[in-house]
Amino acid sequence: KDTGSSGIACGKSAQMLGLATGYAHAFGIDALKATLQTGPALIGIPWLNSMFNPDSGGQLTVDRASGVAGGHELVVSAYDVTGWFRIDNSWNASWGDQGSCHVREADLAWLLSQDGDVTVPQLVTAPSPTPATGALVAAAVRAALTAKGV
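Criteria and thresholds
Residues numbered from 1 in each chain as written. Predicted model: local features only at pLDDT ≥ 70, side-chain atom pairs only at ≥ 80, totals over all residues. Heavy atoms only, no water. Helix = DSSP H or I, 4+ residues; strand = E, 2+ residues; numbered from the N terminus. Buried < 20%, exposed > 50% of the residue type's maximum accessible area, 1.4 Å probe, protein only. Contact = heavy atoms within 4.5 Å. Areas by Shrake-Rupley, 256 points an atom, 1.4 Å probe, with all protein chains shown as cover. Salt bridge = Lys/Arg side-chain N within 4 Å of Asp/Glu carboxyl O.

> Give me the lowdown on the overall build of the protein, citing residues and values where you can.
Helices and strands together make up the secondary structure of the protein, namely four helices and six strands. Listing each helix as α and each strand as β along the protein from the N terminus yields α-β-α-β-β-β-β-α-β-α. Put simply, the protein has 150 residues, and 32% of those count as buried. Sequence-distant contacts in the protein: of pairs separated by 6 or more residues, those separated by 24 or more amount to 64%. Accessible area of the protein: about 8,700 Å², with a carbon and sulfur share of 58%.

> I'd like a rundown of the pattern of salt bridges, residues and numbers included.
Going through the model one piece at a time under the given rule, you end up with two salt bridges. Close ionic contact of glutamate 105 with lysine 33 constitutes a salt bridge, the shortest N to O distance being 2.8 Å. Here glutamate 105, found in helix α3 (residues 105-113), pairs with lysine 33, found in helix α2 (residues 29-35); they are 72 residues apart in sequence, far enough to count as distant. Judged by its relative accessible area of 21%, lysine 33 falls in the partly exposed class.

Below, the structure written as structure tokens:
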């Protein structure tokens, strides 16, 4: 079954853009929880009709009887020990809680069991900025003042 999304395409695109050095592909809730120990993951899942509008508290309703509307790729950014996952959507900040929602573990496990997948990008680490020293700050201030004729 095709969920209408492609974590592999996301991983390949991130590599082509220089944002990732590679990616891994996995399946199931246990793989997702293991992945979240080191960073966010992408998931491709069937998108049910009940999932278009999270409630005012940001909880996503996964009503299996509502029917499949298509598929969607999302970012899972957190998991807590009470059994909730934080999912970040690409639509905009008006969706859910500022563009995110919370999903129960049992619901997400079921969605992943419906031919869903987990894609784990190996993101490129941004270089650390050079710490500013007093001399660098002073030189920058002098240059700015000189440019203004002070």
